[in-house]
Amino acid sequence: MAHRWINTLTRNDVTPIGHYLNRRQIMAGLAAGGFGAIASPALAQDELEPNSLEDITSYNNFYEFGTGKNDPARNADALETADWRVTVDGLVDNPGEYSLEDLIGGLTEEERIYRFRCVEAWSMVVPWRGIELADILDRIGVQDGARFVAFETAVQPDNMVGVRRRVIPFPYVEGLRLDEARHPLTLMATGIYDQPMPNQNGAPIRLVVPWKYGFKSIKSIVRISLVEEEPPATWNIINPREYGFYSNVNPNVDHPRWSQATEREIGGGLFAPRKPTLMFNGYEEEVASLYEGMDLQEFF
Ligand SMILES: Nc1nc2c(c(=O)[nH]1)N[C@H]1C(S)=C(S)[C@@H](COP(=O)(O)O)O[C@H]1N2
Ligand SMILES: [Mo]
């Protein structure tokens with residue numbers, strides 16, 4: 001069965017008042033007497049101008065379809081998304097093989113305009129649509145003892161030229177600590193602008209964790225596992241010295257081979273000045289408490 005939209009929002013339905021305030025919160029705020037009641041001045045000031053759909057769908061990292069930035073746009077047509085299944089296992093009350101409808105049907109879909117910062121020091125602003133991962137976790141029933149969420153991407157060798165060429169180990173895997181996974185900013189995205197998720201961006205459902213480097217935002221998810229121990233993460237396995245498990249955006253911790261202090265905005269034009277990279281990609285107020293007492297140089 002093809003993916004059906006639960007709740008179709010368009011750009012026109014959404015007031016871009018902040019980092020991530022969603023319809024539910026906007027409505028709650030209006031009921032409570034206006035935006036002042038919910039939006040801090042910092043949020044209200046920070047209006048993000050999304051990149052064009054063209055930018056977002058033509059400059060991608062999706063190594064299953066090749067390592068070039070325009071390879072996914074050329075090759076990801078071959079991704080088979082019909083009758084998509086997501087296996088849910090580990091420490092959950094409701095394990096099983098879910099259809100998308102079973103996994104997210106009836107949950108609230110929202111537009112979230114987020115900064116997106118790749119570890120390679122480029123960035124975009126993307127108007128995602130999706131569901132809070134927390135809502136999915138509630139549905140599958142997280143059991144005591146679960147401390148991390150592990151994710152896995154589909155492997156379709158016949159359809160994925162990068163998998164056939166083994167450009168990196170597959171399946172692509174990623175993980176979050178449970179409190180990170182439950183954070184209201186953490187999204188399972190199913191669309192961009194008013195489109196279902198384009199294949200090159202991780203159709204039909206992918207993770208979006210806006211305060212972490214882009215590689216944490218794993219695409220085309222076919223497995224969600226609740227586990228006790230820190231799960232493997234693809235880039236961390238490939239090169240643990242260069243890519244940590246946490247990979248929070250941090251202008252003060254450089255990649256061993258380049259600075260993370262600034263970033264190049266995609267779509268900014270050839271001569272646009274580089275932009276300073278923000279702590280936690282600009283979401284410090286929302287997420288810093290998750291890492292209180294943690295040495296961010298050691299746990300990078
Ligand atoms: N399965 C899978 N997920 C992936 C990747 C990948 O190669 N395979 N690349 C990651 C990296 S490095 C980035 S920057 C983002 C890019 O997402 P976008 O193409 O939607 O901008 O996807 C991440 N998720
Ligand atoms: Mo990336």
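Heads up: the structure comes first, above all this text.
The paragraphs below set out a description of the structure included in this document. Given the structure is predicted, the values throughout are model-derived calculations rather than measurements.

## Considerations on the side chain of asparagine 281
And step 1. Its place among the elements puts asparagine 281 in the loop between β12 (275-276) and α10 (284-287).
And step 2. Within polar-contact distance, the side chain of asparagine 281 engages the backbone oxygen of proline 210 at 2.8 Å.
And step 3. With residues up to four places along the chain from it excluded, the contact list for asparagine 281 reads Arg115, Phe116, Arg117, Pro210, Trp211 and Val249.

## What to know about the site of ligand 1
And step 1. Lining the immediate surroundings of ligand 1 are 16 residues, of which Asn60, Tyr63, Glu64, Thr153 and Lys219 lie closest.
And step 2. One of the side-chain nitrogen or oxygen atoms of threonine 153 is found 2.9 Å away from a nitrogen atom of ligand 1.
And step 3. Contacts to ligand 1 include asparagine 201, whose side-chain N or O atom sits 2.9 Å from an oxygen atom.
And step 4. Coverage of ligand 1 by the protein amounts to 97% of the 530 Å² it exposes when considered alone.
And step 5. Among the residues forming the shell around ligand 1, the class breakdown is seven nonpolar, six polar and three charged.

## Re the sheet that holds strand β5 (residues 148-153)
And step 1. Strands sit in the order β2-β1-β10-β5-β6 across an open sheet of five strands; the sheet is mixed. Edge positions in the sheet fall to β2 (96-99) and β6 (173-177), since each of these pairs with one other strand and no more. Direction aside, the axes of adjacent strands within the sheet are offset by 20 degrees on average.
And step 2. The sheet contact formed by strand β1 (residues 85-90) and strand β10 (residues 221-227) spans four bridges and is parallel. Considered in β10, the bridge of threonine 87 is made with arginine 223.
And step 3. Against the sheet, helix α6 (residues 133-140) touches β1, β2, β5, β6 and β10, its axis set at about 70 degrees to β10.

## Section: α6
And step 1. Most of α6 sits out of view: six of its eight residues are buried.
And step 2. Regarding α6, the residues found buried are Leu133, Ala134, Asp135, Ile136, Leu137 and Ile140.

Calculation criteria
- Residues numbered from 1 in each chain as written.
- Chains lettered and ligands numbered in written order.
- Predicted model: local features only at pLDDT ≥ 70, side-chain atom pairs only at ≥ 80, totals over all residues.
- Heavy atoms only, no water.
- Helix = DSSP H or I, 4+ residues; strand = E, 2+ residues; numbered from the N terminus.
- Polar contact = N/O pair within 3.5 Å; in protein donor to acceptor, adjacent residues only side chain to side chain.
- Contact = heavy atoms within 4.5 Å.
- Near = heavy atom within 4 Å.
- Areas by Shrake-Rupley, 256 points an atom, 1.4 Å probe, with all protein chains shown as cover.
- Nonpolar A, V, L, I, M, F, W, Y, C, P; charged D, E, K, R; others polar.
- Pairing = 2+ DSSP bridges.
- Axes fitted to C-alpha atoms, helices over the stretch in contact; angles between N-to-C directions.
- Buried < 20%, exposed > 50% of the residue type's maximum accessible area, 1.4 Å probe, protein only.

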